[in-house]
Protein chains: 2
Amino acid sequence: MEDLIKILQSRNIHPSHQRIKILEILEKNEDHMNVNMIYEELLKEIPTISKTTVYNTLSTFAEKGLVHCLTITPEEMRYDYRANPHHHLLCTRCGRIIDVDVQCRYADTMEIDGHCIEEIQGYFKGICRECLSHDKAQKQK
Amino acid sequence: MEDLIKILQSRNIHPSHQRIKILEILEKNEDHMNVNMIYEELLKEIPTISKTTVYNTLSTFAEKGLVHCLTITPEEMRYDYRANPHHHLLCTRCGRIIDVDVQCRYADTMEIDGHCIEEIQGYFKGICRECLSHDKAQKQK
DNA sequence: TATTAGTTTATAATAATTATAACTATGGAA
DNA sequence: TTCCATAGTTATAATTATTATAAACTAATA
Ligand SMILES: [Mn+2]
Ligand SMILES: [Mn+2]
Ligand SMILES: [Zn+2]
Ligand SMILES: [Zn+2]
């Protein structure tokens, strides 16, 4: 709680009740929530929360570099709180977006083909570990 | 023209007038159009074309593996006709999506961290060659 | 107290995409 | 030729994520 406030302050974001809760949810959640998932979680603690606040807060967080926006799913934006750059797996079975710790060979390159590279976004499509082991368990029956 | 028909037929897609024209546009265009860009181009030749047809056709093409869907821009889907897998640069200046021919070290890996990898999607964010040289020209004034 | 800036909320507007149903072209059977 | 089935196209409406707008609230400050 105190930690979260400090994190917000360090980015010059006024630590309102709503903002603290949203950051708390982002921190807890592993698989890259969309606005609606965050909103549903918030409702449990702040029943008067508005979806606009979630949108506003997330775009503030993104501006201040506190979260990264992932355009992996075509339907809606996903939000990523983890600090270090990394890649993702989009599971075509369960729909989750999962962190994958692989290094990109080009992660330290700032120039390719004359283009200036500022950010690397990579993701894999496939079937996640959990879904695979679920498949196996099914087959053994 | 004959080529385009053959391409469609080889994928079991009936080569209607509309479909041929859409494929033709995709082939000509380098920077990964969205539905509206394709629609606007089509209007010049088929003034009665419907946007629904563009959507239907592109989703057929995608199903049959003729195009790839890019979720790089958050606003809308972009379509990629090139056959070989490759990466992209999203220029934050001009908004274009440009092919970048870099190899991915993991392109032949089918398994990472126990997850099954079926497809690799990667893109870079930055400023493209053309925008950079435009900047330089400005400065010299 | 009155004022102000910053934050949250309710509500409406926008825009990409999908769903639905009517219309059209085509090719074969009768 | 006429009828019919099918696939493809079109117009239109519905859905849904996101953004815009303005009102209400909060906390700090003169
Ligand atoms: Mn992540
Ligand atoms: Mn491409
Ligand atoms: Zn899964
Ligand atoms: Zn550019």
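Residues numbered from 1 in each chain as written. Chains lettered and ligands numbered in written order. Predicted model: local features only at pLDDT ≥ 70, side-chain atom pairs only at ≥ 80, totals over all residues. Heavy atoms only, no water.

Asks: Sorry, what's going on with the relation of the copies chain B and chain A here?
Replies: In screw terms, the move from chain B to chain A is a rotation of 180 degrees and a rise of 0.0 Å along the axis, fitting with an RMSD of 0.1 Å. Considering both components of the superposition, the chain copies are consistent with a two-fold axis. Of every C-alpha in chain B, the one belonging to B:G122 sits nearest the axis of rotation, 1.9 Å from it. (Least-squares fit on C-alpha atoms with pLDDT ≥ 70 in both.)

Asks: So what exactly am I meant to see when it comes to the protein's contact with DNA strand D here?
Replies: What surrounds DNA strand D is a group of 15 residues, the closest being A:Y55, A:M77, B:S16, B:R19 and B:T53. Counted by atom, the contact set of DNA strand D within 4 Å of the protein is 76% sugar and phosphate. The contact in question runs from a phosphate oxygen of DNA strand D to an N or O atom on the backbone of A:M77, over 2.9 Å. Within the contact set of DNA strand D, a phosphate oxygen lies 2.8 Å away from a side-chain nitrogen or oxygen of B:T53. Elements supplying a minimum of two residues to the surface near DNA strand D: α4 (51–63) of chain A together with α2 (17–28) and α4 (51–63) of chain B. The element that contributes the greatest number of residues to the surface near DNA strand D is α4(B), accounting for three residues. Tallied by class, residues from the surface near DNA strand D come to three nonpolar, nine polar and three charged. (Near = heavy atom within 4 Å. Polar contact = N/O pair within 3.5 Å; in protein donor to acceptor, adjacent residues only side chain to side chain. Helix = DSSP H or I, 4+ residues; strand = E, 2+ residues; numbered from the N terminus. Nonpolar A, V, L, I, M, F, W, Y, C, P; charged D, E, K, R; others polar.)

Asks: What should I look at first to understand the pairing of strand β6 (residues 115–127) of chain B in this one?
Replies: In regular strands, side chains alternate between the two faces of the sheet. Direction of pairing for strand β6 (residues 115–127) of chain A relative to β6(B): antiparallel, over a ladder of eleven bridges. Residue pairing across strands places A:E119 opposite B:K125, the latter belonging to β6(B). Pairing analysis gives four bridges linking strand β3 (residues 87–91) of chain B to β6(B), with the strands arranged parallel. When the sheet's bridge partners are listed, B:L89 is paired in β6(B) with B:F124. A loop of two residues connects strand β5 (residues 111–112) of chain B with β6(B), the two strands running antiparallel in sequence, and B:D113 in this loop sits at a positive phi of about 55 degrees. (Pairing = 2+ DSSP bridges.)

Asks: I'm lost on α2(B) in this one. Help?
Replies: What sets the pattern is the α-helix's 3.6 residues per turn: residues three or four places apart point alike. Residues and elements named next belong to chain B. With twelve residues, α2 extends 17 Å from end C-alpha to end C-alpha; this agrees with the ideal 16 Å at 1.5 Å per step. Among the residues making up α2, those that are buried are I20, K21, I22, L23, I25 and L26. Lining the buried residues of α2 we find α1 (2–10), α3 (35–45), α4 and β2 (78–80). (Expected span 1.5 Å × (residues − 1). Buried < 20%, exposed > 50% of the residue type's maximum accessible area, 1.4 Å probe, protein only. Contact = heavy atoms within 4.5 Å.)

Asks: It is not clear to me how the packing of α3(B) against α4(B) should be interpreted in this structure. Could you clarify?
Replies: To describe two helices that pack against each other, one gives the angle between their axes and the distance between the axes. All names here are of chain B. The contact between α3 and α4 brings their axes to 10 Å, and the two run at 120 degrees. By the angle between their axes, α3 is oblique relative to α4. The handedness of the crossing between α3 and α4 is right-handed. Facing V35, N36, I38, Y39 and L42 of α3, the residues of α4 in contact are K51, V54, Y55 and L58. Its residues placed into classes, the contact of α3 with α4 shows seven nonpolar, one polar and one charged. (Axes fitted to C-alpha atoms, helices over the stretch in contact; angles between N-to-C directions. Parallel < 35°, antiparallel > 145°, perpendicular 65-115°, else oblique. Left-handed = near helix turned anticlockwise from the far one by under 90°.)

Asks: Got a minute to help me understand the coordination of the zinc ion (ligand 4) in this structure?
Replies: Any two of four tetrahedral donors ideally make an angle of 109.5 degrees at the metal, while pairs among six octahedral donors ideally make 90 or 180 degrees. Residue and element names in this part refer to chain B. The coordination sphere of the zinc ion (ligand 4) contains the protein donors C91 (SG), C94 (SG), C128 (SG) and C131 (SG), at a distance range of 2.3 to 2.4 Å. Around the zinc ion (ligand 4) sit four donor atoms, and with donor-metal-donor angles ranging over 104 to 118 degrees the site reads as tetrahedral. Along the chain, the residues donating to the zinc ion (ligand 4) are arranged with the sequence spacing C-x2-C-x33-C-x2-C. Of the two residues, C91 is situated in strand β3 and C128 in the loop between β6 and α5 (129–140); the sequence distance between them amounts to 37 residues. Residue C128 is classed as buried on the basis of its relative accessible area of 0%. (Donors = N, O, S within 2.8 Å, 3.2 Å for Na, K, Ca; no water. Tetrahedral: all angles 85-135°; square planar, octahedral: opposite > 155°, others 65-115°.)

Asks: Please explain unusual backbone geometry as it appears in this structure.
Replies: Note: most peptide bonds trans; most residues except glycine with negative phi. Within the chain, A:N12 stands out as a residue other than glycine whose phi angle is a positive 60 degrees. By the element assignment, A:N12 lies in the loop between α1 (2–10) and α2 (17–28).

Asks: Would you mind showing me how to read the pairing of strand β4 (residues 97–100) of chain B here?
Replies: Residue and element names in this part refer to chain B. The two faces of β4 match: I97 and D99 on one face and I98 and V100 on the other face are all buried. Here β3 runs beside β4; their pairing, made up of four bridges, is antiparallel. The residue of β4 that forms the bridge with H88 is D99. Between β3 and β4, which follow one another and run antiparallel, lie five residues, and G95 among them has a positive phi close to 80 degrees.

Asks: What am I meant to see in the packing of α1(B) against α2(B) here?
Replies: Residues and elements named next belong to chain B. Two elements in contact, α1 and α2, have axes whose closest approach is 10 Å; the angle formed by their N-to-C orientations is 105 degrees. Classified by the angle their axes make, α1 and α2 are roughly perpendicular. Residue-level inspection shows L4, I5, I7 and L8 of α1 in contact with α2, the latter providing R19, I20, L23, E24 and E27. When grouped by side-chain class, the residues that make up the contact of α1 with α2 number six nonpolar, no polar and three charged.

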